Amino acid sequence: MSDLSIDIKISKVSESKIQSVDFNNLTFGKVFTDHMFVCNFVDGAWQTPEIKPYQPLTIDPSARVFHYGQAVFEGMKAFKDADDQIWLFRPEDNFNRINKSSHRMAIPEFPKAYFFEGLTQLLRMESDWIQKGKGNSLYIRPFVIATEPAISASPSNSYKFMIICSPAQSYYAGEVKVLFAEQFSRAADGGVGYAKAAGNYGAQFYPTSLAHAKGYQQIIWTDANTHEYLEEAGTMNIFFRVGDTLLTAPTSDRILDGITRKSVIQLAEDNGITVEVRRVSVAEIKEAAKNGSLKEIFGAGTAAVINPIAGFEHAGDAFELPKLENSYASFFKEKLMNIQYNLSEDPHGWRYGV
Ligand SMILES: *Cc1c(COP(=O)(O)O)cnc(C)c1O
């Protein structure tokens, strides 16, 4: 799929730092690989991309990204199978989504051939950083920042598109309890909630820190108008299992169109599990928790794949979720990971060989 005629300027590190990395004790997102991909947008065009040693950037303090948050990002993973083949999971969707996010933030779209060729060459160079074994992966962070040194409040005329990579282990967040939002909002109608825009995350940190202080690790955001409908977790989409039916909110301009979310919906359909994609009210979930029909809540996103929720609180009412033997959460996690690691059939063509 990649167009090998794309010219990428490559400069390699003289010595890899991989020997200094303890792959059995990785903190998510702290260690980065030897190289990074950089492509600058100047004079109305994306310039020749470069892969070069991972290093700090020199950016003018007046660059618009620092003042107006004109920045978008993606999150994806590379996996390695027993034969040392590297795989990505639905990368076209990440590519399309970063341009959708860019469009909303008035950032010029990035060319597809640059994205795939840059990613492919970078991953081949960093192959040793992708450890084999289920749970091990290389987390990939493409992002774009506005670099023009000018603080007038208008879109930048120059940008940097970059890809950095961080080795990751199977992510276990511990027992996660969540607070249903009553006061703060993540996204509003007509806003940027559907984009992976940097500011969406920055704005969640304060309310989430208040939730932490109450003993909750995350917030399930509700609709900004009424706070009556459950929307998403802010880094993950969210599913509720009531009886044997799976419920999840429809995507909208407030809810990010997660690749894990849509993969779960497809896998549910493939496996005869009923999914209702519709508005899910706080009231019905609390009622289901009271009458015992609420069996599971889980988040779905690239970093954790599937993250089961152990309990929730809303308006002072706290609920614990049952610990299930055969949970949908573990079923979907297993199915997804088997496809990602080339351990099962891939009926929908989600794997992409690098
Ligand atoms: C990235 C993200 C998700 C999860 O999307 P995936 O494509 O499954 O990783 C969910 N919500 C928000 C706000 C996100 O930024």
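Rules and cut-offs
- Residues numbered from 1 in each chain as written.
- Predicted model: local features only at pLDDT ≥ 70, side-chain atom pairs only at ≥ 80, totals over all residues.
- Heavy atoms only, no water.
- UniProt positions renumbered as here; feature names shortened; annotations may be inferred.
- 1 Å grid on protein atoms, 1.4 Å probe; cavity = no way out; pocket = protein on both sides within 12 Å on 5 of 7 lines; lining within 4 Å.
- Points joined across faces, edges and corners; volume = space filled by probe spheres on them.
- Helix = DSSP H or I, 4+ residues; strand = E, 2+ residues; numbered from the N terminus.
- Nonpolar A, V, L, I, M, F, W, Y, C, P; charged D, E, K, R; others polar.
- Domains from an automatic or database assignment.
- Buried < 20%, exposed > 50% of the residue type's maximum accessible area, 1.4 Å probe, protein only.
- Contact = heavy atoms within 4.5 Å.

- In the nomenclature of an unreviewed UniProt entry, the protein is known as Branched-chain-amino-acid aminotransferase of Kordia periserrulae.
- A UniProt comment under Sequence similarities (unreviewed entry) is attached to the protein, and it reads "Belongs to the class-IV pyridoxal-phosphate-dependent aminotransferase family."

### Side note on the layout of surface pockets
Inference 1: Quantified by volume, the largest pocket comes out at close to 1,200 Å³.
Inference 2: The set of elements that each furnish at least two residues to the lining of the largest pocket consists of strand 5 (71-73), strand 8 (137-146), strand 9 (159-168), helix 4 (198-213), strand 11 (218-222), helix 5 (259-270) and strand 17 (294-301).
Inference 3: Grouping the constituent residues of the lining of the largest pocket by class yields 25 nonpolar, 19 polar and 5 charged.
Inference 4: For the lining of the largest pocket, the two domains that each supply at least three residues are domain 1 (9-170) and domain 2 (176-340).
Inference 5: The set of elements that each furnish at least two residues to the lining of the second largest pocket consists of strand 17, strand 18 (305-314) and helix 7 (328-340).
Inference 6: With 5 residues, strand 18 is the largest single contributor of residues to the lining of the second largest pocket.
Inference 7: Of the residues contributing to the lining of the second largest pocket, the split by class is 11 nonpolar, 4 polar and 5 charged.

### Topic: the environment of glutamine 217
Inference 1: Tracing the sequence through the fold places glutamine 217 in the loop between helix 4 and strand 11.
Inference 2: Take glutamine 217: its relative accessible area is 32%, and that puts it in the partly exposed class.
Inference 3: Every residue in contact with glutamine 217, bar those within four places of it in the chain, is listed here: Glu175, Val176, Lys177, Thr208 and His212.

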